[in-house]
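Chain residues, written in single-letter form:
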Amino acid sequence: MGRVIAVVNQKGGVGKTTTTINLGAALAEKGHRVLLIDLDPQGNASTGLGLFPGNRTTTAYELLSEEGSLAECLAGTVYENLTIVPGSGDLAGLDAELSEDPHRGQRLRQRLAVYDGDGFDTVLIDCPPSLNILTVNAMTAADTVLVPLQCEFFALEGLTQLLSTIKRVQQRLNPRLRIEGILLTMYDKRNNLSAEVAVDVRENLGSQVYDTIIPRNVRLSEAPSHGAPVLAYDGDSTGAKAYRRLAEEMLATRAIEALEGAG
């Protein structure tokens, strides 16, 4: 199993699912074997990859409730090299179902650990817009956290709570967890506020913020209704180009880390 990345923000509408889908597609386009785990009960990442509710059989719910192995939950997508564990509305009740289990926050990590099928270079976990047991499972299983941050006035406010949660998970459940990067999303170059927020975020978080910025783009909004990543829907759009740049930036960072580790 390669690097496991939880895509997390407790706020909705910040481009989290869009990022998970299109970063996964951009990495797959480069030949990397990618697994996307849809932990959001809304299942939007699954729909956005062409797996509509009626076509989902064994899902992330079965995976976490231990009714199905990871191998049994895998489903193909419209993209070669991109596999998904689909989401399910049943995930919404998992918090209550697992309330008596003292190890409920470690279920996903345990399920990934025993998987002995074909490997993946990257695992991307799309989390719900809340800091519940599903998000805790994702961060406990992950090596890193990627945080999409919308270019809006209150962008940094919710981030403080999220970083505090990440620190608690580090201390109690997953000491290796770290920040993969902060991704600025929904950037509107016609709006001075977007530019001001971007400057503010970089001043506060420095090198943790990706150079790549994801713009507001109508093609990014349209693609999910067609059951495809924007890279497949309109590969020449500004949104598609931005996610390709993000994949390149991420892989370049990994290459530097590998060299530093070897040194």
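Going by the structure above, here's the rest.
The rules behind the values
Residues numbered from 1 in each chain as written. Predicted model: local features only at pLDDT ≥ 70, side-chain atom pairs only at ≥ 80, totals over all residues. Heavy atoms only, no water. 1 Å grid on protein atoms, 1.4 Å probe; cavity = no way out; pocket = protein on both sides within 12 Å on 5 of 7 lines; lining within 4 Å. Points joined across faces, edges and corners; volume = space filled by probe spheres on them. Helix = DSSP H or I, 4+ residues; strand = E, 2+ residues; numbered from the N terminus. Nonpolar A, V, L, I, M, F, W, Y, C, P; charged D, E, K, R; others polar. Phe/Tyr/Trp six-rings, centres within 6.5 Å; stacked < 30°, edge-to-face > 60°. Buried < 20%, exposed > 50% of the residue type's maximum accessible area, 1.4 Å probe, protein only. Pairing = 2+ DSSP bridges. Contact = heavy atoms within 4.5 Å. Axes fitted to C-alpha atoms, helices over the stretch in contact; angles between N-to-C directions. Right-handed = clockwise from strand over helix to strand, strands pointing away. Salt bridge = Lys/Arg side-chain N within 4 Å of Asp/Glu carboxyl O. Expected span 1.5 Å × (residues − 1). Parallel < 35°, antiparallel > 145°, perpendicular 65-115°, else oblique. Left-handed = near helix turned anticlockwise from the far one by under 90°.

Draft legend 1. Structural view of the layout of surface pockets. Put simply, the largest pocket is a space of about 430 Å³. Along the wall of the largest pocket there are 23 residues; nearest its centre are Gly-13, Gly-15, Lys-16, Thr-18 and Met-186. Elements supplying a minimum of two residues to the lining of the largest pocket: α1 (16–29), β7 (178–187), β8 (209–215) and α10 (218–222). Split into classes, the residues belonging to the lining of the largest pocket amount to 9 nonpolar, 10 polar and 4 charged. With 4 residues, the single largest contributor to the lining of the second largest pocket is helix α8 (residues 155–172). Residue composition of the lining of the second largest pocket, by class: 6 nonpolar, 4 polar and 4 charged.

Draft legend 2. The arrangement of the packing of aromatic side chains in detail. Taken as a whole, this structure holds 1 aromatic pair when the rule is applied. Plain terms: the ring middles of Tyr-115 and Phe-120 are 6.2 Å apart, the flat faces sit at 25° to each other, and that makes the pair stacked. Judged by its relative accessible area of 10%, Phe-120 falls in the buried class.

Draft legend 3. Structural view of the sheet that holds strand β5 (residues 122–126). Strands sit in the order β3-β4-β2-β5-β1-β6-β7-β8 across an open sheet of 8 strands; the sheet is mixed. Unpaired on one side and paired on the other, β3 (75–76) and β8 mark the two borders of the sheet. For β7 and β8, the ladder comprises 3 bridges, and the chain directions are parallel. Note on β8: the bridge partner recorded for Tyr-187 is Pro-215. Contacting β6 (144–150), β7 and β8, helix α9 (residues 192–205) runs over the sheet at an angle of about 170° to β7.

Draft legend 4. Looking closely at the pairing of β6. Within β6, 7 of the 7 residues are buried, which leaves it mostly tucked inside the rest of the structure. Of the two faces of β6, the one lined by Thr-144, Leu-146, Pro-148 and Gln-150 and the one lined by Val-145, Val-147 and Leu-149 are each fully buried. Relative to β7, β6 runs parallel, the two sharing 7 bridges. Counterpart to Gln-150 in the pairing with β7 is Thr-185. In this fold, the crossover linking β6 to β7 by way of α8 has right-handed handedness.

Draft legend 5. Expanded view of the pattern of salt bridges. Under the defined criterion, the tally for this structure stands at 11 salt bridges. Ionic pairing is found between Arg-3 and Glu-180, a salt bridge with its closest N-O pair at 2.9 Å. In this pair, Arg-3 is assigned in strand β1 (residues 3–7) and Glu-180 in strand β7, connecting sequence segments 177 residues apart. Across this residue pair, the class does not change: Arg-3 and Glu-180 are buried.

Draft legend 6. Examining empty space enclosed by the protein more closely. Under the counting rule described, the total for this entry stands at 2 cavities of 30 Å³ or more. By volume, the largest cavity is sized at about 40 Å³. Around the largest cavity sit Asn-9, Lys-11, Val-14, Pro-148, Leu-149, Gln-150, Glu-152, Ala-155, Gly-158 and Leu-159, which together line it. For the lining of the largest cavity, the secondary structure elements donating two or more residues are β6 and α8. Among the residues making up the lining of the largest cavity, the classes are represented as 5 nonpolar, 3 polar and 2 charged. Lining the second largest cavity we find Thr-18, Ile-21, Asn-22, Gly-48, Ala-223, Pro-224, Ala-228, Pro-229 and Val-230. The element best represented in the lining of the second largest cavity is α1, accounting for 3 residues. A class-by-class count of the residues in the lining of the second largest cavity yields 6 nonpolar, 3 polar and no charged.

Draft legend 7. Looking closely at helix α12 (residues 238–262). A rise of 1.5 Å per residue sets the reference length of α12, with its 25 residues, at 36 Å; its end C-alpha atoms lie 36 Å apart and thus fit the reference within 8%. All of the buried residues along α12 are Gly-239, Ala-240, Ala-242, Tyr-243, Leu-246, Ala-247, Glu-249, Met-250, Leu-251 and Arg-254.

Draft legend 8. Inspection of the packing of α8 against α9 at higher detail. In the contact formed by α8 and α9, the axes pass within 10 Å of each other and the chain directions differ by 30°. Relative to α9, the element α8 is oriented roughly parallel. Mapping the contact onto sequence places Ala-155, Leu-156 and Leu-159 in α8 and Val-197, Asp-200, Val-201, Asn-204 and Leu-205 in α9. Each residue belonging to the contact of α8 with α9 can be placed in one class, and the counts come to 6 nonpolar, 1 polar and 1 charged.

Draft legend 9. Quick look at the packing of α1 against α12. It is the contact of α1 with α12, at a shortest axis distance of 8 Å, that shows an interaxial angle of 70°. Relative to α12, the element α1 is oriented roughly perpendicular. The hand of the α1/α12 crossing is right-handed. Packed against α1, whose contacting residues are Thr-18, Thr-19, Asn-22, Leu-23, Ala-26, Leu-27 and Glu-29, the element α12 presents Tyr-243, Arg-244, Leu-246, Ala-247, Met-250 and Leu-251 at the interface. Of the residues in the contact of α1 with α12, the class split is 8 nonpolar, 3 polar and 2 charged.

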